[in-house]
Amino acid sequence: MSPAFLPYGRQQISERDVEAVASALRGELITQGPAVAEFERRFAEHVGAKHAVAFANGTAALHGAAHAAGLGPGDEALTTPLSFVASANCALYMGATVRFTDVDPATWNLDTAVAAAQLSDRTRAIVAVSLTGLPVDLGPLEGVRDRVVVIEDGCHALGGHRDGVRVGGPGGADMTTFSLHPVKAMTTGEGGMVTTEDDRLAARLRGFRTHGIAREGLRPSPEEGSWYYEVRELGFNYRLTDFQCALGLSQLERLEEWVAARNEIAGWYRELLADEPLLALPPPAPKGSLHAHHLFVVRILAGPAVRLEVFEGLRAAGIGVQVHYIPIYRFPYYRDTLGYPQDTCPHAEEYYRGAISLPIYPALSRAEVERVVAELRRLLESHSPPPTG
Ligand SMILES: Cc1ncc(COP(=O)(O)O)c(C=O)c1O
């Protein structure tokens, strides 16, 4: 019998989660009911934020943040090329343009010092992604916070912190977005969240999530009664259901434990792969910070042909590796339709040449990690280490 397939990420669902969802489904309101506000309240509490606004998915959360930031035609957002495409698309949805700033090779996160130096008169927002769960350094953006809205795409980083500042909490970005997709730190099936300290941004996020509808502070005409509401701006239906929020409430209880488990697994990989000369291990979180370890990305140093061979070899061995990410400007939509140049981010290219995401999720056992490592070593064995000096 061949060993079980190991995906790169997967959800963790308990009987308690199933019960929570079943109970929400037996309730009167299965969407726009009490679980949504309760989930938002508890999520906000967890990251220490004043507001949390639930969205249908992480992409909708980014779209909401781009809207709340006021991005529109003629504006520009700076972001990293190393992310899921939604981090850049959110600016395009608003009719704005995207400029890619290269990553810092010490972290593979957006080089925020370079981004701060590259602002133009048109730059209205910076979308800084905490890639793999390593919290992005927002410090270099301090001096430009009066000129741009800082959005942290924290879709990988729920549960992490930067020098004690929780991702999504006070002292961080103007808005932080999260994804609650099954491969993420916790899940609601599909789902997303935006956290912020700012009352005005929170109100804009809430309006955008529900068609731009306002129900408070209205002045209906004398012929109009309590049915009255107004559509104040263009919005969408980006709501999350009550049964998804019930799952979220149940999952939230175990978030800390799961982030700790991910860090333990990352520690096993580091220990077992430390002496492998053809691999670069991912940068750890700086002392005093916590990596959320949504991903564990190693880089093959023997060139793209070996990366391909190793990737296919691991897949053939039942190990569901992935590559996170192809630099966004390489996609035909960006390259051909929008005309993005291909040679502006050498560090992102260096990363992409070698990156492979190994399995990491809370239920992954030490024996399974050893199996991944053994296969990886076997596939690298016949290749020589890179020249030194
Ligand atoms: C960095 C990043 N941003 C945004 C998203 C979009 O989230 P969702 O898939 O929930 O729409 C993802 C999800 O893959 C992501 O990894």
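## Describing the overall build of the chain
Secondary structure summary: the chain contains 12 helices and 16 strands in total. Computed over C-alpha atoms, the radius of gyration of the chain comes to 22 Å, within 12% of the 21 Å expected from 2.2 N^0.38 for 389 residues, which places it in the range of a compact globule. The C-alpha extent of the chain, read off along each of the three principal axes, is 85 × 55 × 40 Å. Sorting the 389 residues of the chain into buried and exposed places 49% on the buried side.

## What to know about the site of the ligand
As a matter of local geometry, the ligand sits amid 15 residues, with G58, T59, F84, C155 and S179 nearest to it. Listed by contribution, the elements that provide at least two residues to the shell around the ligand are α3 (58-68) and α4 (86-93). Looking at the shell around the ligand, the element that brings in the most residues is α3, giving 3 residues. Looking at the shell around the ligand residue by residue, the classes come out as 5 nonpolar, 9 polar and 1 charged.

## As for helix α6 (residues 199-209)
Restricting attention to buried positions, one finds in α6 the residues L201, A202, R204, L205, G207, F208 and R209. At its buried positions, α6 is contacted by β2 (51-55), α3, β9 (175-179), β10 (192-196) and β11 (213-214). H211 lies just past α6 and shows a positive phi near 60°.

## A word on the nonpolar core
Judged by nonpolar contacts, the single largest core of 118 residues is most densely connected at F55, A65, A91, A125, I126, I151 and M193. Looking at this core, you find at least three residues from each of domain 1 (13-252) and domain 2 (255-380). Each residue touching A125, except ones within four places of it in the same chain, is listed here: A66, A69, L71, A77, A91, V148, V149 and I151.

## Details of the domain arrangement of the chain
Interface size is often expressed as the accessible area that is lost when the parts come together. Under the domain assignment used here, the chain contains domain 1 (13-252) and domain 2 (255-380). Of note, the centres of domain 1 and domain 2, computed from C-alpha atoms alone, are 26 Å apart. Those elements giving two or more residues to the side of domain 1 that touches domain 2 turn out to be β7 (161-162) and α7 (242-252). Partitioning the side of domain 1 that touches domain 2 into residue classes produces 17 nonpolar, 11 polar and 4 charged.

## Focus: the environment of L119
Examined against the element boundaries, L119 turns out to sit in the loop between α5 (112-117) and β5 (123-129). Each C-alpha atom of the pair L119 and A77 lies 9.3 Å from the other, and the pair is 42 residues apart in sequence. Setting aside anything within four residues of it in sequence, one finds L119 in contact with V144, R147 and V148.

## Some thoughts on helix α11 (residues 346-354)
Among all positions in α11, only A348, Y351, Y352 and G354 are buried. Buried positions along α11 lie against β14 (296-300), α9 (304-316) and β16 (355-358).

## A closer look at the pairing of β2
With respect to burial, β2 is a largely interior element, 5 of its 5 residues being buried. Of the two faces of β2, the one carrying H51, V53 and F55 and the one carrying A52 and A54 are both buried. As defined by bridge partners, β2 adjoins β10 across 5 bridges and the pair is classed as antiparallel. In the strand pairing of β10, F55 is matched with G192.

## Re the sheet that holds strand β13 (residues 279-280)
Taken together, 3 strands build an open sheet; the order of strands is β13-β14-β16 and the sheet is antiparallel. Bordering the open sheet on either side are β13 and β16, each of which pairs with just one other strand. Relative to β16, β14 runs antiparallel, the two sharing 4 bridges. For V297, the partnering residue across the bridge sits in β16 and is S357.

## Brief notes about the packing of α3 against α6
Their axes nearest at 9 Å, the elements α3 and α6 cross at an angle of 125°. It follows that α3 is oblique to α6 by the angle criterion. The crossing of α3 and α6 is right-handed. Contacts between α3 and α6 pair G64, H67 and A68 from the former with L201, R204, L205, F208 and R209 from the latter. The residue inventory of the contact of α3 with α6, partitioned by class, reads 4 nonpolar, 2 polar and 2 charged.

## Focus: the sheet that holds β10
With mixed pairing, 7 strands are arranged side by side in an open sheet as β2-β10-β9-β6-β5-β3-β4. Taken across any chain shown, the strands that pair with only one partner, and hence form the sheet edges, are β2 and β4 (97-100). Averaged over all neighbouring strand pairs, the angle between strand axes comes to 25°, with direction disregarded. Relative to the sheet, helix α2 (residues 34-47) contacts β2 and β10, its axis offset from that of β2 by approximately 130°.

## Regarding the environment of R366
Tracing the backbone shows R366 in helix α12 (residues 366-380). With 24 residues separating them in the primary sequence, R366 and Q342 have C-alpha atoms 40 Å apart.

Reading the values: the criteria
- Residues numbered from 1 in each chain as written.
- Predicted model: local features only at pLDDT ≥ 70, side-chain atom pairs only at ≥ 80, totals over all residues.
- Helix = DSSP H or I, 4+ residues; strand = E, 2+ residues; numbered from the N terminus.
- Rg over C-alpha atoms; globule rule 2.2 N^0.38 Å.
- Buried ≥ 20, exposed ≤ 12 C-beta atoms within 10 Å, placed from the backbone.
- Near = placed C-beta within 6 Å.
- Nonpolar A, V, L, I, M, F, W, Y, C, P; charged D, E, K, R; others polar.
- Contact = placed C-beta atoms within 7 Å.
- Core = buried A, V, L, I, M, F, W, Y, C linked by C-beta atoms within 7 Å.
- Domains from an automatic or database assignment.
- Pairing = 2+ DSSP bridges.
- Axes fitted to C-alpha atoms, helices over the stretch in contact; angles between N-to-C directions.
- Parallel < 35°, antiparallel > 145°, perpendicular 65-115°, else oblique.
- Left-handed = near helix turned anticlockwise from the far one by under 90°.

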